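Listed below, chain by chain, are the residues.
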Amino acid sequence: MTTAPSGDNSLLKDTISMRKIGWLERFLGPENYRITVGLLKTPASILGLVLIIFFVLIAIFAPLIIPPVDGADPYTIPRDGFISDPQPVGSAWKKNVPPVPFWYKAVTGKDAWVHVMGTSEGQYDIFYGVVWGTRTAFYTGLMVTIATLLMGVIYGAVSAYYGGWLDNVMMRIVDILLILPGILAALILAAVLTPKIGKSLIPTMTALIAFGWMSYSRIIRGDILSVKERDYIMAARVIGVKDSRILFRHILPNAIFPTLVLASLAIGDVVLSFAALSFLGIGTQVGYADWGQVLSFARNWITSLNTYWYIVVFPGITLILFVMGWNLLGDALRDVLDPRMRGRS
Amino acid sequence: MTTFIIRRLLLVPVLLFGVTVVIFGMMMLLSPTERSALYIRDFPKNEAALPGIIKQYGLDDPFYLQYWHWMVGRADPVSGERKGGILFGDFGFSRTASEPVVTLIKDRFPNTLDLTIWAVAPVILVGIWLGVQAAVHHNGIIDQAARIFSIVGTSFPTFVFGLLMLMLFYATLHWFQPGRLSDVNLRIISQPGFNHYTSLITFDALLNGRFDIFLDAIRHMVLPILTLSYISWATFLRVTRSSMLETLRMEYVTTARAKGLKESDVIYKHAQPNAMIPVVTLAGFQVISLLGGVVITETVFNYPGIGSAAARAAVSLDVVAVLGFALFDGLILIVANLIVDILYAVVDPRVRLS
């Protein structure tokens, strides 16, 4: 064990670390460990984490919270008739009633389902849409994030590693793709793809992927440019290791962590864009369990939103809380990753 | 400075080429029949006429040939008249509006411009003011409140905020309506007595001496402006705050304080101008994105601008129109980016020297 020199060594104490290094720190490395721990320090980031875990639980237990109607597609919101006017919170559920789950009677004291959050235009149950929409949110958020991350990382890595004119051309392409504002570009591509693929999650997801990967490729490019110059890369090159092996085995693992964390926190933004597009009416079938879709019904009722407040408030708050969870974590992350904040607690 | 501007200008054709290729690439995802709206007004109803039309306009030619014809148009074999050609300002026909896309843009763009002009001050100035206050009172109550506001602000989806605004100020309080003008005034401005000097309704109303119409137009813009402000305040606040905090830690600020200057002079005369450099870029991009039409805000408030038109065309799968809007936006954004870059170089000498 190292001992600190005796005497007035308050400054030295900070430099010579006497703390134990846990398995997690050994596994992640000191810098990545600092980021991970920093994320869980502030009350704001913990609140963010709690919100995300809450939504994860809702997504996992959706079939227990409100089971799908027998024989129906679980991702289609059950309709209680076809009247166009929304029905208020607590009104009786007459047609297409889902099975009653075990918790329902204990919590509400009723034997049969009512519309817990009311119904929207066309008698789509809002509670069902909110609960099952959580699954849609995680699914689209994860898929789009993983795909954009993969594309961005491979593109940025190749660009940074080979450098020179190739890097120049590849980055100009990124510039061009970034000129069109993201939501408009995605709107256009989704609109073009919908007639080809049909109404589903796919056109919007594809569009968000196609116009979403560029920022990752910029970030990873910067990180790789700094790792690329280190001695061990030179050593690998000297002993004749193949380019692809140097890039994917030696450089990427050492440069990817910040991008990875950033990407995982971008899920909130992806879900927001997705909801915005389906709010506009792009993408899924009418009645698909998706928050943007549920909110889009409100567009026809803006003159009477004072009566039908529940068609905006419930799905709206759900979406806000979901995105806020990711943003709270993201905010803490920005502080941790900011080099100027390093060394301060 | 001159070399910087020349270098930047040389990039413009490259960007133009790139953006047009991206947009045309999306156009090529359509079937040749759908693409015929680039050249002819009506959808060919007669199945038998289809192969003729496709052949006539070369709609199954290779990519580069079609791209060329999309750029410069092609002569009609019968009349010899030029059809299409975005370089000549022909963006094709919108099927849902049954008029040329360019006419649609001409109708809609003034409204978007009008909104942008009136939104700039509240969006940018208030955001900056909030950021400066947060930095000056670092870690104080104002700072904490600002921080919470900026997190809640960035988490608030535009359309949810817009719908809540409508719920409160339109459906409940009846203060502000969605749309562009009240019906009465819409009729007045379409009558011959009302001169359209600028096609911007607020300015035309003032020039015609119709103060009531001006007020009506402003009233219809209050909610969209509020929505736009709310989401950008969060961003402005964050950028201004961190830039200001950094500047306040610099040594020349300490010097200024040591000289015994008033604290307000130190903050507003010495620190703030230097802290504004990153904010200027952000402000530039903000204006650009407003000009490009704000798809969601305009749609929620039923505001007849470029953004809501693009959204409507996209939903009704009028793709030639959507891509026309995208092309127009791309052109505006390229020019506006150029202006922002040059202004930025004027403000910050480090940019043009690197």
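Since this is a predicted model, take the numbers as computed values, not measurements.

Draft legend 1. Region of the structure containing the overall build of chain A. The number of helices and strands found in chain A is 17 helices and zero strands. Over its C-alpha atoms, taken along the principal directions, chain A stretches across nearly 75 × 55 × 35 Å. In chain A, buried positions account for 49% of the 345 residues. Pairs at least 24 residues apart make up 73% of the contacts formed inside chain A by residues separated by at least 6 positions. Averaging the locations of the 28 positively and 22 negatively charged side chains of chain A gives two centres separated by 4 Å.

Draft legend 2. Region of interest: the side chain of Asp204 of chain B. Residues and elements named next belong to chain B. Tracing the chain through its elements places Asp204 in helix 9 (residues 201-207). Within the buried set, Asp204 has no salt-bridge partner at all; the shortest N-O distance to an opposite charge, 9.1 Å, is to Arg180. A polar contact of 2.8 Å, which involves the side chain of Asp204, links it to the backbone nitrogen of Thr198. Engagement of the side chain of Asp204 in a polar contact is seen with the backbone nitrogen of Ser199, the distance being 3.2 Å. Those residues in contact with Asp204, other than ones at most four positions away along the chain, are Phe194, Asn195, His196, Tyr197, Thr198 and Ser199.

Draft legend 3. Just the packing of aromatic side chains, in detail. Residue and element names in this part refer to chain A. Scanning the model with the defined rule gives 38 aromatic pairs over all chains in all. Between Trp103 and Trp113, the ring centres sit 6.2 Å apart and the planes meet at 80°, which makes this aromatic pair edge-to-face. A residue pair is termed long-range when its members are at least 10 positions apart, and Trp103 in helix 6 (residues 102-108) and Trp113 in the loop between helix 6 and helix 7 (126-162) qualify at ten residues. Here the aromatic residues Phe54, Phe55, Phe138, Trp291, Phe322 and Trp326 are joined through ring pairs into a cluster of three or more.

Draft legend 4. Looking closely at the nonpolar core. Counting residues in each nonpolar core, the largest one holds 155 residues, and the members touching the most others are Leu305, Ile311 and Leu319 of chain A together with Trp70, Phe159 and Leu163 of chain B. The biggest single contributor to this core is helix 16 (residues 319-347) of chain B, with 16 residues. Two domains each put at least three residues into this core: domain 1 (2-94) and domain 2 (99-353) of chain B. Each residue touching Leu305 of chain A, except ones within four places of it in the same chain, is listed here: Ile311 and Val312 of chain A together with Leu163, Leu166, Met167 and Ala171 of chain B. Residues Val123, Val132, Ala135 and Leu290 of chain B belong to the second largest nonpolar core, which totals 27 residues.

Draft legend 5. Structural view of the environment of Val286 of chain A. Residue and element names in this part refer to chain A. Position of Val286 relative to the elements: it lies in the loop between helix 15 (267-280) and helix 16 (291-296). Relative accessible area serves as the criterion here: at 56%, Val286 is assigned to the exposed category. Each C-alpha atom of the pair Val286 and Val169 lies 42 Å from the other, and the pair is 117 residues apart in sequence. Here Val286 is in contact with Tyr124, Gln293 and Phe297, once residues within four sequence places are set aside.

Draft legend 6. Layout of the interface of chain A and chain B. Each partner contributes residues to the interface: chain A has 48 residues there, and chain B has 47 residues. When chain A packs against chain B, close to 4100 Å² is buried across both sides, 80% of that on carbon and sulfur atoms. At the junction of chain A and chain B, the tally comes to zero salt bridges. Where the side of chain A that touches chain B is concerned, the elements lending two or more residues are helix 8 (164-179), helix 9 (182-197), helix 15 and helix 17 (310-337) of chain A. A total of twelve residues in the side of chain A that touches chain B trace back to one element, the largest contributor, which is helix 17 of chain A. Per-class residue counts for the side of chain A that touches chain B are 33 nonpolar, seven polar and eight charged.

The rules we used
Residue numbering note: each chain is counted from 1, following its sequence as written. Throughout, the order in which chains and ligands are written sets their labels, letters from A for the former and numbers from 1 for the latter. Local features in a predicted model are, by the rule used here, given only for residues with pLDDT of at least 70; side-chain atom pairs are given and counted only at 80 or more, and totals for whole chains, interfaces and linings are based on all residues. Where side-chain values are given, they derive from all heavy atoms of the structure, hydrogens and water being excluded. Per the convention used, a helix needs a DSSP run of H or I reaching at least four residues, while a strand needs a run of E reaching at least two, with both numbered from the N terminus. Accessibility here uses a 1.4 Å probe with only protein chains present; expressed as a share of the type maximum, an area under 20% marks a residue as buried, one over 50% as exposed, and anything in between as partly exposed. In what follows, a contact means two residues having at least one pair of non-hydrogen atoms within 4.5 Å. Positive residues here are Lys and Arg, negative ones are Asp and Glu, while His and the chain termini are left out of the count. Where a charge sits is defined by one atom per residue type, namely NZ (Lys), CZ (Arg), CG (Asp) or CD (Glu). Note on definitions: salt bridges are taken to be side-chain nitrogens of Lys or Arg within 4 Å of carboxyl oxygens of Asp or Glu. Here a polar contact is taken to be a pair of N or O atoms separated by no more than 3.5 Å, where protein atoms must pair a possible hydrogen donor with a possible acceptor and residues adjacent in sequence count only if both atoms sit in side chains. A pair of Phe, Tyr and Trp rings is counted when the ring centres sit within 6.5 Å of each other, with Trp represented by its six-membered ring. The angle between the planes then sorts it: under 30 degrees is stacked, over 60 is edge-to-face, the rest tilted. Buried Ala, Val, Leu, Ile, Met, Phe, Trp, Tyr and Cys residues that are joined via side-chain atoms within 4.5 Å together make up what is termed a nonpolar core. Note: domain ranges come from an automatic or database domain assignment. Summed over both partners, the accessible area (1.4 Å probe) lost when two parts come together is defined as the buried area. Classes in brief: Ala, Val, Leu, Ile, Met, Phe, Trp, Tyr, Cys and Pro nonpolar; Asp, Glu, Lys and Arg charged; the others, Gly included, polar.

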